[in-house]
Amino acid sequence: MTVPRQLPGGLSAETFLREYWQKKPLVIRQAFPGFQSPITADELAGLACEEAVESRIVVEEENGHPWQLHNGPFSTDRFTAPPAGNWTLLVQGLDHWVPEVADLLDHFRFVPNWQLDDIMASYAPPGGSVGPHFDQYDVFLLQAQGHRRWKFGGQCSEQSPRVDGTPLRILDDWEPEEEVLLEPGDMLYLPPAIGHHGVAEDHCITLSVGFRAPTVDDVLTSFTDFLCSETDVSAHLRDPDLKLPTNPGAIGKEVLQQLESILRERLADPRQLALWFGQFSTSPKNSDIVVPAEPPASTEDLLEALSDGGSLRWNEGSRFAYTELGEQTAFFVDGERYLLNGDARSLAPLLCSDSRPDMAELRRQCEDPALAELMTVLYNQGSVYFE
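Described below are features of the structure shown in this document. (Residues numbered from 1 in each chain as written. Predicted model: local features only at pLDDT ≥ 70, side-chain atom pairs only at ≥ 80, totals over all residues. Heavy atoms only, no water.)

**A short note on the overall build of the chain**
The cut-off we apply is this: Where helices and strands are cited, they refer to DSSP runs of H or I of at least four residues and of E of at least two residues respectively, numbered from the N terminus. Burial classes follow relative accessibility: with a 1.4 Å probe on protein chains only, a residue under 20% of its type's maximum area counts as buried, one over 50% as exposed, and anything between as partly exposed. In what follows, residue pairs with any heavy atoms lying within 4.5 Å of each other are defined as contacts. Note on areas: Shrake-Rupley with a 1.4 Å probe; residue coverage comes only from the protein chains shown. Under the convention used here, Asp and Glu are negative, Lys and Arg are positive, and both His and the chain ends fall outside the count. Note on charges: their place is set at NZ of Lys, CZ of Arg, CG of Asp or CD of Glu.
In terms of helices and strands, the chain carries eleven helices and 16 strands. Based on the C-alpha atoms only, the size of the chain along its principal axes is roughly 75 × 70 × 45 Å. Among the 387 residues that make up the chain, the fraction classed as buried is 45%. Across the chain, every contact between residues at least 6 apart in sequence was considered, and the portion connecting residues at least 24 apart equals 78%. For the chain, the accessible area works out to roughly 19,900 Å², and carbon and sulfur atoms hold 52% of it. Positive and negative side-chain charges of the chain, numbering 28 and 61 respectively, have mean locations separated by a distance of 7 Å.

This is the structure we're talking about:
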């Protein structure tokens, strides 16, 4: 697969990135013509009862309190007697559990793999919603079943007024700028911080394709933890040329210069930065997503399955990425890194370009025993599997 040159619906990807991405909303009519939901409301309810699946129910008003939140897993009784009034079921990471949903992500790879997050499903009966709010990340809202009326517009921030008495961040006194009714196959793109509110007109399912937007705190915390694990940080600060202070409470500029020098030295290594970011950006969201193969395979088992025509694909929740480092290619899968040399370097772009790699080329590359062994490692850790 090559990078998609068009968005679903036909708009040029270059035009979208230039004119809309993180700039303004876009309504795409029939982005997926004739679209049929890959999952039913009953199947979503079943997933919401599973321990490994992240799920929530939002109730618009409950016991006199607005916008109440309940976290799963839920008992089956919860859905035989659903909440009174308007409510919504949310199932996070649906692509991790439903291959047909994971396949939708391939339509959005005009954005790098590391920025794609997951697909959330929301089911609501007529009148259901999660309230007016805004997100800090880009999102495509694909109508999968039924109809949802969206009101959206206006730049929001952490200072925007919120509704009291709810654990959710519901906007108060928010005035939308646009309104649109989406039917199956229609899609709405919203940049970060744009207020929006979608209300079900009938029994409807919406699929939200979300993107990653790490905070500066995430970046700083993760990178410093990485540096501490990768380099020798056991040395103590020394000051053999200490001068008599004019005031014992003063922190001398020499101390600050020494600290700055230490930090700059650690931050000035682009290789360390690349290795950290590759591992950081491909780490699974939780330990239940990438499950080791059972029973594990030997390299001979894997080669036999390949020779018999077996086709590998990514685990639906796995993340693949790579970066070039001089004469090496750093290949990252699910938070692990592999340094490839020589002809082996071509394996990384092959495996990263598509959730279903070119099997003829992969079989050819696995003639190299080292690459066959690496593919066995990826299979055994659960990052790829045979369809």
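More follows now that the structure is in view.
**A closer look at the pattern of salt bridges**
Cut-off, in case you're wondering: One side-chain nitrogen of Lys or Arg within 4 Å of one carboxyl oxygen of Asp or Glu is enough to make a salt bridge.
Applying the stated criterion to the full structure yields 21 salt bridges. Across the pair arginine 356 and aspartate 103 runs a salt bridge whose closest N-O atoms are separated by 2.9 Å. Highlighted residues: arginine 356 in the loop between helix H9 (347-352) and helix H10 (359-365) and aspartate 103 in the loop between helix H4 (99-102) and strand S5 (116-124), separated in sequence by 253 residues. Taken together, the shared-partner salt bridges connect Asp103, Arg313, Glu316, Arg356 and Glu387 into one network.

**A short note on the packing of helix H5 (residues 216-230) against helix H7 (residues 270-282)**
Definition in use: Working convention: axes come from line fits to C-alpha atoms, limited for helices to the stretch in contact. Angles between N-to-C directions cover 0 to 180 degrees. Handedness of a crossing is defined here by the sense of rotation of the near helix relative to the far one, left-handed for an anticlockwise turn of less than a right angle and right-handed for a clockwise turn. Residue polarity is assigned by list, with Asp, Glu, Lys and Arg as charged and Ala, Val, Leu, Ile, Met, Phe, Trp, Tyr, Cys and Pro as nonpolar; anything else, Gly included, falls into the polar class.
In contact at an axis separation of 10 Å, H5 and H7 are set at 115 degrees when each is read in the N-to-C sense. The two elements H5 and H7 meet at a crossing, and its hand is right-handed. Within the contact between the two elements, H5 uses Asp218, Val219, Ser222, Phe223, Phe226, Leu227 and Glu230 and H7 uses Gln272, Leu273, Leu275, Trp276, Gln279 and Phe280. Split into classes, the residues belonging to the contact of H5 with H7 amount to eight nonpolar, three polar and two charged.

**A look at the pairing of strand S3 (residues 65-71)**
The criterion, for reference: Whether two strands pair depends on DSSP finding at least two bridges between them.
Where strand S2 (residues 55-62) meets S3, six bridges bridge the pair, whose relative direction is antiparallel. Note on S3: the bridge partner recorded for valine 59 is glutamine 68.

**Describing the sheet that holds strand S10 (residues 194-200)**
Taking strand neighbours across the sheet as the criterion, the three strands line up as S8-S7-S10 in an open arrangement whose pairing is antiparallel. Every interior strand has two partners, whereas the edge strands, strand S8 (178-182) and S10, have only one. Across the sheet, the axes of successive neighbouring strands diverge by a mean angle of 20 degrees, strand direction being ignored. Here strand S7 (residues 148-155) runs beside S10; their pairing, made up of six bridges, is antiparallel. Along S10, the bridge assignment pairs phenylalanine 152 with histidine 196.

**A short note on the sheet that holds strand S1 (residues 26-28)**
Overall, antiparallel pairing links the eight strands, which are arranged S1-S9-S6-S11-S5-S4-S2-S3 in an open sheet. Each end of this open sheet is capped by a strand with a single partner; those strands are S1 and S3. Between one strand and the next, the sheet's axes are offset by a mean angle of 20 degrees, whatever the strand orientation. Strands S2, strand S4 (87-91), S5 and strand S11 (204-211) of the sheet are contacted by helix H2 (residues 41-48), whose axis makes an angle of about 65 degrees with S4.

**So, the environment of glutamate 100**
One can find glutamate 100 in helix H4. Placed 192 residues apart in sequence, glutamate 100 and proline 292 show a C-alpha to C-alpha distance of 22 Å.

**Describing the nonpolar core**
Applicable threshold: To qualify as a nonpolar core, a set must consist of buried Ala, Val, Leu, Ile, Met, Phe, Trp, Tyr and Cys residues joined through side-chain atoms within 4.5 Å.
Grouped together as the largest cluster of nonpolar side chains are 44 residues, with contacts concentrated most on Phe16, Leu44, Leu89, Leu94, Phe108, Phe140 and Leu207. Excluding its chain neighbours within four sequence positions, the residues that come into contact with leucine 207 are Phe35, Pro38, Leu94, Leu104, Ile119, Met120, Ala121, Phe140, Leu141, Leu142 and Ala144. Counting 27 residues, the second largest nonpolar core, distinct from the first, contains Ala293, Val333, Leu371 and Val384.

**Concerning empty space enclosed by the protein**
We apply this condition: Grid points spaced at 1 Å over the protein atoms alone were grouped into cavities, where a 1.4 Å probe fits but cannot get out, and pockets, open sets with protein on both sides within 12 Å along at least five of seven lines, with lining residues defined by an atom within 4 Å of a point. Grid points are joined across faces, edges and corners, and a volume is the space filled by probe spheres set on the points.
Per the stated rule, a full pass over the model turns up one cavity of 30 Å³ or more. Taken as a whole, the largest cavity spans an internal volume of roughly 190 Å³. Contributing to the lining of the largest cavity are 19 residues, with Leu105, Arg109, Trp314, Glu316 and Ser318 lying nearest its centre. Classifying every residue of the lining of the largest cavity by side-chain character gives six nonpolar, six polar and seven charged.

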